[in-house]
Amino acid sequence: MRRTTTWLMGLATAAGLTITLGSAAVAEPAPAPQPQSVAVSAVGPQPGTFVGKGFDTCAAPSQSAMNAWRASSPYRAVGIYISGASRTCAQPNLTATWVSNQTANGWRLIPIELGYQAPCGTRAPKMSGDPNTARSQGRTAADSAANAARALGIGAGSTIYNDIEHYPTTTACRAAVLSFLSGWVERLHTHGYLAGMYSSGSSGIRDVCLEYYNPSYTRLDQIWIAWWNGVADTDAGSYCSDAYYANHQRLHQYAGDVTETWGGVTMKIDRNYLDVSTAQQPPPQQWSTTVDNTTSGRFTASTNWSTSAYSSSRYGTDYRFASPTSASDVAWYRADVPETGSYEISVWYPADPGYNSQTPYLVATASGNQTVSVDQRVNGGRWVSIGVFTLAAGDGNKVGVSRWTGGSGYVVADAVRITRA
(Lines give C-alpha, C1' and ligand atoms only; values in the text may rest on other atoms or scores of the structure.)
Protein backbone atom coordinates (compact mmCIF):
# COMPACT_ATOMS: atom_id res chain seq x y z
CA MET A 1 0.00 0.00 0.00
CA ARG A 2 1.05 3.62 0.00
CA ARG A 3 3.45 3.84 2.93
CA THR A 4 5.24 6.92 4.23
CA THR A 5 7.66 4.93 6.40
CA THR A 6 9.83 1.91 5.73
CA TRP A 7 7.85 -1.07 6.94
CA LEU A 8 10.58 -3.69 6.86
CA MET A 9 11.59 -3.02 10.46
CA GLY A 10 13.27 -5.40 12.87
CA LEU A 11 11.15 -8.06 14.49
CA ALA A 12 9.19 -6.94 17.53
CA THR A 13 10.04 -8.74 20.75
CA ALA A 14 7.54 -11.52 21.26
CA ALA A 15 5.68 -10.87 24.51
CA GLY A 16 2.83 -12.51 26.40
CA LEU A 17 -0.47 -10.64 26.50
CA THR A 18 -2.79 -10.25 29.44
CA ILE A 19 -6.18 -8.66 28.83
CA THR A 20 -7.81 -6.64 31.62
CA LEU A 21 -11.26 -5.40 30.79
CA GLY A 22 -11.58 -1.63 31.03
CA SER A 23 -13.31 0.07 33.89
CA ALA A 24 -15.44 2.29 31.69
CA ALA A 25 -18.09 1.01 29.30
CA VAL A 26 -18.31 2.31 25.75
CA ALA A 27 -21.61 3.40 24.30
CA GLU A 28 -21.70 1.67 20.94
CA PRO A 29 -22.80 3.75 17.96
CA ALA A 30 -25.70 2.39 15.99
CA PRO A 31 -24.80 0.63 12.72
CA ALA A 32 -24.64 3.05 9.82
CA PRO A 33 -27.81 2.94 7.72
CA GLN A 34 -27.65 1.06 4.46
CA PRO A 35 -27.90 3.16 1.32
CA GLN A 36 -31.38 3.51 -0.11
CA SER A 37 -30.17 2.61 -3.58
CA VAL A 38 -28.00 -0.50 -3.65
CA ALA A 39 -26.04 -1.42 -6.76
CA VAL A 40 -26.43 -4.82 -8.38
CA SER A 41 -23.86 -7.16 -6.84
CA ALA A 42 -20.75 -8.03 -8.80
CA VAL A 43 -20.64 -11.59 -10.11
CA GLY A 44 -19.55 -13.87 -7.29
CA PRO A 45 -17.71 -13.05 -4.05
CA GLN A 46 -14.60 -10.89 -4.37
CA PRO A 47 -11.83 -11.90 -4.62
CA GLY A 48 -13.53 -15.27 -4.15
CA THR A 49 -11.59 -18.45 -4.85
CA PHE A 50 -8.45 -17.51 -6.72
CA VAL A 51 -4.78 -18.46 -7.01
CA GLY A 52 -2.48 -16.13 -8.92
CA LYS A 53 -0.98 -12.68 -9.22
CA GLY A 54 -2.61 -9.35 -8.48
CA PHE A 55 -1.64 -5.74 -8.02
CA ASP A 56 -2.78 -2.75 -6.02
CA THR A 57 -2.35 0.93 -6.70
CA CYS A 58 -3.49 4.06 -4.94
CA ALA A 59 -6.37 5.06 -7.25
CA ALA A 60 -8.56 2.70 -9.24
CA PRO A 61 -7.17 2.81 -12.82
CA SER A 62 -9.16 4.00 -15.80
CA GLN A 63 -11.11 1.54 -17.90
CA SER A 64 -8.63 1.82 -20.76
CA ALA A 65 -5.73 1.06 -18.41
CA MET A 66 -7.55 -1.95 -16.97
CA ASN A 67 -8.29 -3.23 -20.47
CA ALA A 68 -4.66 -2.87 -21.55
CA TRP A 69 -3.37 -4.70 -18.48
CA ARG A 70 -6.02 -7.40 -18.78
CA ALA A 71 -4.80 -8.16 -22.29
CA SER A 72 -1.05 -8.02 -21.63
CA SER A 73 -0.09 -8.35 -17.94
CA PRO A 74 0.23 -11.45 -15.74
CA TYR A 75 -2.17 -9.92 -13.20
CA ARG A 76 -5.77 -10.98 -12.75
CA ALA A 77 -6.66 -9.35 -9.40
CA VAL A 78 -6.66 -5.68 -8.41
CA GLY A 79 -6.79 -4.02 -5.00
CA ILE A 80 -9.26 -1.14 -4.63
CA TYR A 81 -9.62 1.28 -1.72
CA ILE A 82 -13.36 1.35 -1.12
CA SER A 83 -13.55 3.19 2.23
CA GLY A 84 -11.70 4.69 5.18
CA ALA A 85 -10.65 8.11 6.45
CA SER A 86 -6.95 7.42 5.79
CA ARG A 87 -7.25 7.06 2.01
CA THR A 88 -4.89 9.54 0.33
CA CYS A 89 -6.02 9.23 -3.30
CA ALA A 90 -9.22 10.39 -4.94
CA GLN A 91 -11.24 7.64 -6.60
CA PRO A 92 -12.95 9.21 -9.63
CA ASN A 93 -13.08 5.88 -11.48
CA LEU A 94 -14.36 3.76 -8.61
CA THR A 95 -18.09 3.38 -9.25
CA ALA A 96 -20.54 0.49 -9.35
CA THR A 97 -20.26 0.54 -13.15
CA TRP A 98 -16.46 0.30 -12.94
CA VAL A 99 -16.76 -2.68 -10.58
CA SER A 100 -19.27 -4.41 -12.85
CA ASN A 101 -17.07 -3.87 -15.91
CA GLN A 102 -13.96 -5.31 -14.25
CA THR A 103 -15.65 -8.44 -12.92
CA ALA A 104 -17.28 -8.98 -16.34
CA ASN A 105 -13.80 -8.82 -17.88
CA GLY A 106 -12.46 -11.48 -15.50
CA TRP A 107 -10.75 -9.32 -12.88
CA ARG A 108 -10.90 -10.33 -9.23
CA LEU A 109 -11.29 -7.41 -6.83
CA ILE A 110 -9.54 -6.98 -3.47
CA PRO A 111 -11.67 -4.48 -1.46
CA ILE A 112 -9.66 -2.42 1.05
CA GLU A 113 -10.66 -0.24 4.01
CA LEU A 114 -7.92 2.25 4.95
CA GLY A 115 -9.04 3.99 8.12
CA TYR A 116 -8.05 3.64 11.77
CA GLN A 117 -4.36 3.01 12.38
CA ALA A 118 -2.44 1.61 15.35
CA PRO A 119 -2.32 3.93 18.38
CA CYS A 120 1.47 3.53 18.58
CA GLY A 121 2.04 4.26 14.88
CA THR A 122 2.66 7.49 12.99
CA ARG A 123 -0.40 7.55 10.74
CA ALA A 124 -3.79 9.06 11.49
CA PRO A 125 -6.57 8.68 12.34
CA LYS A 126 -5.48 6.45 15.21
CA MET A 127 -7.65 3.92 16.97
CA SER A 128 -7.97 4.20 20.72
CA GLY A 129 -5.34 2.66 22.94
CA ASP A 130 -8.16 1.35 25.15
CA PRO A 131 -9.07 -2.17 23.94
CA ASN A 132 -12.81 -1.76 24.62
CA THR A 133 -13.01 1.50 22.70
CA ALA A 134 -10.84 0.09 19.89
CA ARG A 135 -13.21 -2.88 19.57
CA SER A 136 -16.15 -0.53 19.19
CA GLN A 137 -14.23 1.45 16.55
CA GLY A 138 -13.60 -1.80 14.67
CA ARG A 139 -17.33 -2.43 14.53
CA THR A 140 -17.98 1.10 13.28
CA ALA A 141 -15.32 0.67 10.57
CA ALA A 142 -16.98 -2.59 9.49
CA ASP A 143 -20.37 -0.89 9.16
CA SER A 144 -18.85 1.80 6.93
CA ALA A 145 -16.89 -0.69 4.81
CA ALA A 146 -19.89 -2.99 4.32
CA ASN A 147 -22.05 -0.07 3.22
CA ALA A 148 -19.35 1.09 0.78
CA ALA A 149 -18.99 -2.44 -0.63
CA ARG A 150 -22.74 -2.81 -1.15
CA ALA A 151 -22.94 0.57 -2.88
CA LEU A 152 -20.27 -0.59 -5.33
CA GLY A 153 -22.01 -3.90 -6.00
CA ILE A 154 -19.51 -5.96 -4.02
CA GLY A 155 -21.90 -8.30 -2.29
CA ALA A 156 -22.02 -10.60 0.71
CA GLY A 157 -19.52 -13.46 0.73
CA SER A 158 -16.74 -11.12 -0.38
CA THR A 159 -13.72 -10.41 1.81
CA ILE A 160 -12.94 -6.84 2.89
CA TYR A 161 -9.38 -6.19 4.05
CA ASN A 162 -8.55 -3.65 6.75
CA ASP A 163 -5.26 -1.92 5.96
CA ILE A 164 -3.26 -1.24 9.14
CA GLU A 165 0.13 0.13 8.14
CA HIS A 166 3.38 -0.70 9.90
CA TYR A 167 3.63 0.27 13.58
CA PRO A 168 6.29 -0.22 16.29
CA THR A 169 4.45 -2.94 18.14
CA THR A 170 4.27 -3.15 21.93
CA THR A 171 2.14 -5.30 24.23
CA ALA A 172 -0.35 -2.47 24.80
CA CYS A 173 -0.49 -1.55 21.12
CA ARG A 174 -1.00 -5.18 20.15
CA ALA A 175 -3.95 -5.42 22.54
CA ALA A 176 -5.59 -2.37 20.95
CA VAL A 177 -5.01 -3.52 17.37
CA LEU A 178 -6.28 -7.06 17.99
CA SER A 179 -9.32 -5.76 19.85
CA PHE A 180 -10.06 -3.41 16.93
CA LEU A 181 -9.73 -6.29 14.49
CA SER A 182 -12.00 -8.46 16.65
CA GLY A 183 -14.72 -5.83 16.37
CA TRP A 184 -14.04 -5.62 12.63
CA VAL A 185 -14.44 -9.38 12.15
CA GLU A 186 -17.49 -9.72 14.36
CA ARG A 187 -19.44 -6.91 12.73
CA LEU A 188 -18.46 -7.79 9.13
CA HIS A 189 -19.79 -11.29 9.77
CA THR A 190 -23.18 -9.87 10.75
CA HIS A 191 -23.20 -8.11 7.37
CA GLY A 192 -22.39 -11.39 5.59
CA TYR A 193 -18.80 -10.50 4.60
CA LEU A 194 -15.54 -12.27 5.35
CA ALA A 195 -12.94 -10.21 7.19
CA GLY A 196 -9.30 -9.81 6.24
CA MET A 197 -6.40 -7.63 7.31
CA TYR A 198 -3.43 -6.19 5.45
CA SER A 199 -0.33 -5.28 7.42
CA SER A 200 3.42 -5.47 7.52
CA GLY A 201 4.83 -8.86 8.40
CA SER A 202 6.89 -7.41 11.25
CA SER A 203 3.98 -5.69 13.01
CA GLY A 204 0.32 -6.47 12.30
CA ILE A 205 0.82 -9.94 10.80
CA ARG A 206 3.23 -10.97 13.53
CA ASP A 207 0.85 -9.71 16.24
CA VAL A 208 -2.16 -11.52 14.76
CA CYS A 209 -0.24 -14.78 14.49
CA LEU A 210 1.26 -14.50 17.99
CA GLU A 211 -2.30 -14.48 19.37
CA TYR A 212 -3.76 -17.00 16.88
CA TYR A 213 -5.12 -19.22 19.68
CA ASN A 214 -6.01 -16.44 22.13
CA PRO A 215 -9.77 -16.71 22.82
CA SER A 216 -9.88 -13.04 23.82
CA TYR A 217 -9.72 -12.14 20.14
CA THR A 218 -11.86 -13.12 17.18
CA ARG A 219 -9.77 -14.69 14.43
CA LEU A 220 -9.57 -13.14 10.96
CA ASP A 221 -10.74 -15.05 7.91
CA GLN A 222 -7.73 -14.07 5.77
CA ILE A 223 -4.40 -12.26 6.16
CA TRP A 224 -2.56 -10.12 3.62
CA ILE A 225 1.17 -10.17 4.34
CA ALA A 226 3.34 -7.20 3.37
CA TRP A 227 6.82 -8.70 3.06
CA TRP A 228 8.81 -7.39 0.12
CA ASN A 229 11.07 -10.39 -0.37
CA GLY A 230 10.42 -10.58 -4.11
CA VAL A 231 8.97 -14.11 -3.99
CA ALA A 232 5.51 -14.66 -5.47
CA ASP A 233 4.07 -17.09 -2.93
CA THR A 234 2.08 -16.90 0.32
CA ASP A 235 4.91 -17.70 2.72
CA ALA A 236 5.26 -15.33 5.69
CA GLY A 237 8.70 -16.42 6.82
CA SER A 238 9.23 -16.03 10.56
CA TYR A 239 6.35 -13.57 10.86
CA CYS A 240 3.61 -16.22 10.84
CA SER A 241 3.68 -20.01 11.09
CA ASP A 242 2.68 -21.96 7.99
CA ALA A 243 0.14 -23.75 10.20
CA TYR A 244 -1.86 -20.54 10.66
CA TYR A 245 -4.31 -19.31 8.02
CA ALA A 246 -3.40 -22.37 6.00
CA ASN A 247 -6.74 -23.08 4.27
CA HIS A 248 -6.34 -20.80 1.23
CA GLN A 249 -6.44 -17.76 3.52
CA ARG A 250 -3.40 -15.72 2.46
CA LEU A 251 -2.29 -12.93 0.19
CA HIS A 252 1.33 -11.84 -0.03
CA GLN A 253 2.48 -8.41 -1.15
CA TYR A 254 5.93 -9.45 -2.29
CA ALA A 255 7.16 -6.22 -3.94
CA GLY A 256 6.15 -2.59 -3.65
CA ASP A 257 6.43 0.80 -5.31
CA VAL A 258 7.47 -0.69 -8.64
CA THR A 259 6.71 0.75 -12.05
CA GLU A 260 5.47 -1.56 -14.81
CA THR A 261 4.27 -1.05 -18.36
CA TRP A 262 1.81 -3.41 -20.07
CA GLY A 263 -0.04 -2.75 -23.29
CA GLY A 264 1.55 0.68 -23.48
CA VAL A 265 0.13 1.74 -20.09
CA THR A 266 2.52 2.50 -17.22
CA MET A 267 1.45 2.31 -13.57
CA LYS A 268 3.18 2.37 -10.20
CA ILE A 269 1.99 -0.65 -8.26
CA ASP A 270 2.57 -3.15 -5.49
CA ARG A 271 2.83 -6.80 -6.57
CA ASN A 272 0.76 -9.46 -4.84
CA TYR A 273 0.23 -13.20 -4.93
CA LEU A 274 -3.11 -14.65 -3.79
CA ASP A 275 -4.18 -18.08 -2.61
CA VAL A 276 -7.69 -17.43 -1.30
CA SER A 277 -10.96 -19.28 -1.16
CA THR A 278 -14.56 -18.85 -0.05
CA ALA A 279 -14.28 -22.24 1.69
CA GLN A 280 -13.74 -20.71 5.14
CA GLN A 281 -16.41 -21.32 7.74
CA PRO A 282 -19.32 -19.06 6.77
CA PRO A 283 -20.15 -16.18 9.12
CA PRO A 284 -22.42 -17.30 11.97
CA GLN A 285 -26.11 -16.55 11.80
CA GLN A 286 -27.29 -13.61 13.87
CA TRP A 287 -28.75 -14.55 17.25
CA SER A 288 -29.80 -12.20 20.02
CA THR A 289 -31.77 -12.32 23.23
CA THR A 290 -32.81 -9.58 25.66
CA VAL A 291 -33.44 -10.31 29.33
CA ASP A 292 -35.16 -7.72 31.53
CA ASN A 293 -35.46 -7.85 35.29
CA THR A 294 -39.14 -8.75 34.75
CA THR A 295 -38.52 -11.57 32.26
CA SER A 296 -40.17 -14.66 33.74
CA GLY A 297 -37.71 -17.34 34.82
CA ARG A 298 -34.74 -15.40 33.47
CA PHE A 299 -33.84 -13.02 36.34
CA THR A 300 -33.02 -13.83 39.96
CA ALA A 301 -32.09 -11.52 42.83
CA SER A 302 -32.21 -11.65 46.61
CA THR A 303 -34.70 -9.67 48.70
CA ASN A 304 -31.96 -7.07 49.20
CA TRP A 305 -32.71 -5.82 45.70
CA SER A 306 -35.63 -3.36 45.72
CA THR A 307 -37.88 -2.45 42.80
CA SER A 308 -38.32 1.04 41.33
CA ALA A 309 -40.00 2.78 38.41
CA TYR A 310 -38.54 6.17 39.35
CA SER A 311 -36.51 6.81 36.19
CA SER A 312 -38.22 7.30 32.84
CA SER A 313 -35.06 6.04 31.07
CA ARG A 314 -35.59 2.51 32.43
CA TYR A 315 -36.04 -0.54 30.19
CA GLY A 316 -39.57 -1.92 30.58
CA THR A 317 -41.85 -1.27 33.53
CA ASP A 318 -39.28 -1.10 36.34
CA TYR A 319 -35.77 -1.99 37.46
CA ARG A 320 -34.00 -3.32 40.56
CA PHE A 321 -31.55 -1.45 42.80
CA ALA A 322 -29.51 -2.13 45.93
CA SER A 323 -26.94 -0.48 48.17
CA PRO A 324 -23.26 -1.46 47.90
CA THR A 325 -21.97 -4.05 50.34
CA SER A 326 -18.80 -6.08 50.92
CA ALA A 327 -20.49 -9.20 49.62
CA SER A 328 -21.25 -10.25 46.06
CA ASP A 329 -25.05 -10.80 46.25
CA VAL A 330 -25.31 -11.00 42.44
CA ALA A 331 -28.52 -10.35 40.52
CA TRP A 332 -28.31 -12.81 37.61
CA TYR A 333 -29.67 -12.80 34.06
CA ARG A 334 -30.20 -16.26 32.59
CA ALA A 335 -29.98 -17.06 28.84
CA ASP A 336 -29.99 -20.16 26.67
CA VAL A 337 -26.95 -19.68 24.40
CA PRO A 338 -27.27 -21.76 21.18
CA GLU A 339 -23.58 -22.64 20.76
CA THR A 340 -20.19 -21.85 22.21
CA GLY A 341 -18.77 -18.76 20.54
CA SER A 342 -18.25 -15.00 20.68
CA TYR A 343 -21.12 -12.89 21.98
CA GLU A 344 -21.45 -9.16 22.51
CA ILE A 345 -22.90 -8.16 25.88
CA SER A 346 -24.82 -4.86 26.10
CA VAL A 347 -26.48 -3.48 29.21
CA TRP A 348 -29.32 -1.03 29.82
CA TYR A 349 -29.73 1.01 32.98
CA PRO A 350 -31.28 4.37 33.91
CA ALA A 351 -28.45 6.79 34.74
CA ASP A 352 -28.61 9.06 37.77
CA PRO A 353 -26.02 11.12 39.70
CA GLY A 354 -26.93 9.07 42.78
CA TYR A 355 -26.14 5.72 41.17
CA ASN A 356 -22.85 3.86 41.40
CA SER A 357 -19.74 4.92 39.50
CA GLN A 358 -18.24 1.42 39.58
CA THR A 359 -21.11 -1.02 39.17
CA PRO A 360 -19.61 -4.50 38.61
CA TYR A 361 -21.11 -6.52 35.76
CA LEU A 362 -20.07 -10.18 35.87
CA VAL A 363 -19.90 -12.17 32.63
CA ALA A 364 -19.84 -15.96 32.97
CA THR A 365 -17.47 -16.75 30.11
CA ALA A 366 -16.43 -20.21 28.96
CA SER A 367 -13.18 -19.80 30.94
CA GLY A 368 -14.58 -18.23 34.12
CA ASN A 369 -16.17 -15.03 35.35
CA GLN A 370 -14.90 -11.69 34.06
CA THR A 371 -15.86 -8.32 35.53
CA VAL A 372 -16.49 -5.01 33.81
CA SER A 373 -17.11 -1.89 35.89
CA VAL A 374 -19.72 0.52 34.53
CA ASP A 375 -20.35 4.10 35.61
CA GLN A 376 -24.13 4.13 36.04
CA ARG A 377 -24.18 7.87 36.61
CA VAL A 378 -23.86 8.45 32.83
CA ASN A 379 -24.83 6.96 29.43
CA GLY A 380 -28.14 5.61 30.68
CA GLY A 381 -31.36 4.97 28.79
CA ARG A 382 -29.58 3.21 25.93
CA TRP A 383 -27.75 -0.01 25.09
CA VAL A 384 -24.13 0.21 26.23
CA SER A 385 -21.70 -2.44 24.99
CA ILE A 386 -19.37 -3.84 27.66
CA GLY A 387 -17.47 -6.07 25.24
CA VAL A 388 -17.40 -9.36 23.35
CA PHE A 389 -16.89 -12.58 25.31
CA THR A 390 -16.69 -16.31 24.66
CA LEU A 391 -19.81 -17.87 26.17
CA ALA A 392 -20.45 -21.57 26.56
CA ALA A 393 -23.49 -23.15 24.96
CA GLY A 394 -26.46 -23.98 27.15
CA ASP A 395 -29.01 -22.49 29.50
CA GLY A 396 -27.61 -20.76 32.58
CA ASN A 397 -26.68 -17.54 34.33
CA LYS A 398 -24.64 -15.56 31.81
CA VAL A 399 -24.55 -11.96 33.09
CA GLY A 400 -24.84 -10.61 36.63
CA VAL A 401 -24.78 -7.35 38.56
CA SER A 402 -22.86 -7.41 41.85
CA ARG A 403 -23.24 -5.20 44.92
CA TRP A 404 -19.56 -5.58 45.85
CA THR A 405 -18.07 -2.31 44.63
CA GLY A 406 -15.67 0.40 45.72
CA GLY A 407 -18.01 3.05 44.35
CA SER A 408 -20.81 4.84 46.16
CA GLY A 409 -24.49 5.04 45.30
CA TYR A 410 -27.06 2.43 44.33
CA VAL A 411 -26.17 -0.35 41.91
CA VAL A 412 -28.90 -0.95 39.33
CA ALA A 413 -29.98 -4.12 37.49
CA ASP A 414 -32.31 -3.36 34.58
CA ALA A 415 -31.77 -5.28 31.30
CA VAL A 416 -29.05 -7.07 29.31
CA ARG A 417 -28.78 -8.06 25.65
CA ILE A 418 -26.64 -10.94 24.35
CA THR A 419 -25.89 -10.98 20.62
CA ARG A 420 -23.89 -13.49 18.56
CA ALA A 421 -20.86 -11.55 17.30
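Anyway, here's the lowdown on the structure attached to this text. Predicted model only: the values in this text are computed from it and were never measured. All residue numbers refer to positions counted from 1 along the written sequence of the respective chain. Selection of residues for local features in this predicted model requires a pLDDT of at least 70, selection of side-chain atom pairs for listing and counting requires 80 or more, and totals for whole chains, interfaces and linings are taken over all residues. Hydrogens and waters are ignored; side-chain quantities use all the structure's heavy atoms.

Side note on the overall build of the protein
Helix numbering and strand numbering both begin at the N terminus, where a helix is a DSSP run of H or I of at least 4 residues and a strand a DSSP run of E of at least 2. Helix and strand counts for the protein come out as 5 helices and 20 strands. For the exposure calls, accessible area comes from a 1.4 Å probe over protein chains only, and a residue counts as buried if that area is under 20% of its type's maximum, exposed if over 50%, partly exposed in between. Here the protein holds 421 residues, and 55% of them are scored as buried. Across the protein, the fraction of contacts at a sequence separation of at least 24, relative to all contacts at a separation of at least 6, is 80%. About 16100 Å² of surface is accessible on the protein, with carbon and sulfur atoms providing 50% of the total. Any two residues whose heavy atoms approach within 4.5 Å at even a single point are treated as in contact. Per-residue and other accessible areas follow the Shrake-Rupley method at a 1.4 Å probe size, with only the shown protein chains counted as cover for residues.

Side note on the sheet that holds strand β12 (residues 319-322)
By way of backbone hydrogen bonds, the strands of a sheet pair with one another, either parallel or antiparallel. Paired strands are those between which DSSP finds at least two bridges. The 3 strands lie next to each other as β11-β12-β19, forming an open sheet whose pairing is antiparallel. Looking at strand neighbours, the two that pair on one side only are β11 (306-308) and β19 (411-413), the edges of this open sheet. Averaged over all pairs of adjacent strands, the angle between their axes in this sheet comes to 35°, without regard to strand direction. Two strands pair when backbone bridges link them, and β12 and β19 are joined in this way by 3 bridges, in the antiparallel orientation. Bridge pairing in β19 places Ala322 opposite Val411. Note on definitions: angles span 0 to 180 degrees between N-to-C directions of axes, and those axes are lines fitted to C-alpha atoms, for helices only across the stretch in contact.

Points about unusual backbone geometry
Residue Pro47 is bonded to the preceding Gln46 through a cis peptide linkage, with omega at -10°. Position of Pro47 relative to the elements: it lies in the segment before β1 (50-56). Here the amide bond leading from Ala124 into Pro125 is cis, since omega sits at 0°, within 30 degrees of zero. Considering the arrangement of structural elements, one finds Pro125 in the loop between β3 (108-113) and α3 (131-151). With a phi close to 60°, Asn379 is a non-glycine residue in the positive phi region. Relative to the elements of secondary structure, Asn379 occurs in the loop between β16 (368-374) and β17 (384-391). Accessibility expressed as a relative area gives 32% for Asn379, which makes it partly exposed.

What to know about the state of the cysteines
Sulfur atoms of two cysteines make up a disulfide when they are within 2.5 Å. A complete count under the given rule lists 3 disulfides for this structure. In this model, Cys58 is linked to Cys89 through a disulfide, with the two sulfur atoms separated by 1.9 Å. Measuring handedness by torsion sign, the sulfur bridge of Cys58 and Cys89 sits at about 105° and is right-handed. Of this pair, Cys58 sits in the loop between β1 and α1 (63-72) while Cys89 sits in the loop between β2 (77-83) and α2 (96-104); the two residues are 31 residues apart in sequence, bridging distant segments of the chain. For Cys58, a relative accessible area of 12% puts it in the buried group. The exposure class assigned to Cys89 is partly exposed, which follows from its relative accessible area of 28%. Here the bonded cysteines of the protein are numbered in sequence order, and their pairing is 1-2, 3-4, 5-6.

Some points on the nonpolar core
Working definition of a nonpolar core: buried Ala, Val, Leu, Ile, Met, Phe, Trp, Tyr and Cys residues. They are joined through side-chain atoms within 4.5 Å. Among the nonpolar cores identified, the biggest contains 59 residues, and Leu181 and Trp184 are the most heavily contacted of them. No other element matches helix α4 (residues 171-191), which puts 9 residues into this core. Every residue in contact with Trp184, bar those within four places of it in the chain, is listed here: Glu113, Gly138, Arg139, Ala141, Ala142, Ala145, Ile160, Tyr161, Asn162, Ala195, Gly196 and Leu220. By size, the runner-up hydrophobic cluster in this structure holds 30 residues, among which are Ile345, Val401, Val411 and Val416.

Things to note about α4
With 21 residues, α4 extends 31 Å from end C-alpha to end C-alpha; this agrees with the ideal 30 Å at 1.5 Å per step. Within α4, 18 of the 21 residues are buried, which leaves it mostly tucked inside the rest of the structure. Just past α4, the residue Gly192 takes up positive phi, approximately 90°. Here the expected length of a helix is defined as 1.5 Å per residue gap, with one fewer gap than residues.

Here we look at the packing of α4 against helix α5 (residues 201-210)
The contact between α4 and α5 brings their axes to 10 Å, and the two run at 80°. Taken together, α4 and α5 sit at an angle that is classed as roughly perpendicular. Contacts between α4 and α5 involve Arg174, Leu178 and Leu181 from the former and Asp207, Val208 and Leu210 from the latter. In this count, Pro and Cys sit with the nonpolar residues alongside Ala, Val, Leu, Ile, Met, Phe, Trp and Tyr, while Asp, Glu, Lys and Arg are called charged and the others, Gly among them, polar. Looking at the contact of α4 with α5, its residues break down into 4 nonpolar, no polar and 2 charged. With respect to orientation, any angle under 35 degrees is reported as roughly parallel, any angle over 145 as roughly antiparallel, any angle of 65 to 115 as roughly perpendicular, and every other angle as oblique.

As for α5
Within α5, 9 of the 10 residues are buried, which leaves the element mostly enclosed by the surrounding structure. Buried within α5 are the following residues: Gly201, Ser202, Ser203, Gly204, Ile205, Arg206, Asp207, Val208 and Cys209. Buried residues in α5 make contact with α4, β5 (194-200) and β6 (222-226).

A few points about the packing of aromatic side chains
Classification of ring pairs rests on two measures: the distance between centres of Phe, Tyr or Trp rings, Trp counted by its six-membered ring, which must be within 6.5 Å, and the angle between planes, read as stacked under 30 degrees, edge-to-face over 60 and tilted in between. If you walk through the whole model with that rule in mind, you get 18 aromatic pairs. Ring centres 6.0 Å apart and planes at 80° place the aromatic pair Phe55 and Trp107 in the edge-to-face group. Here the residue Phe55 occupies a position in strand β1, and Trp107 occupies one in the loop between α2 and β3, the gap between them amounting to 52 residues. A single burial state applies to Phe55 and to Trp107, both of which are buried. With centroids separated by 5.3 Å and ring planes inclined at 80°, the aromatic side chains of Trp348 and Trp383 adopt a geometry described as edge-to-face. Of this pair, Trp348 sits in strand β14 (residues 341-348) while Trp383 sits in the loop between β16 and β17, and the two are 35 residues apart along the sequence. Within the aromatic cluster, the residues linked to one another by ring pairs are Phe55, Trp69, Tyr75 and Trp107. For the cation-ring pair, Arg219 lies above Tyr212, with the distance from its terminal atom to the ring centre recorded as 3.7 Å. Think of it as a cone above the ring: NZ of Lys or CZ of Arg counts as a charge over the ring if it is within 6 Å of the ring centre and within 35 degrees of the ring normal.

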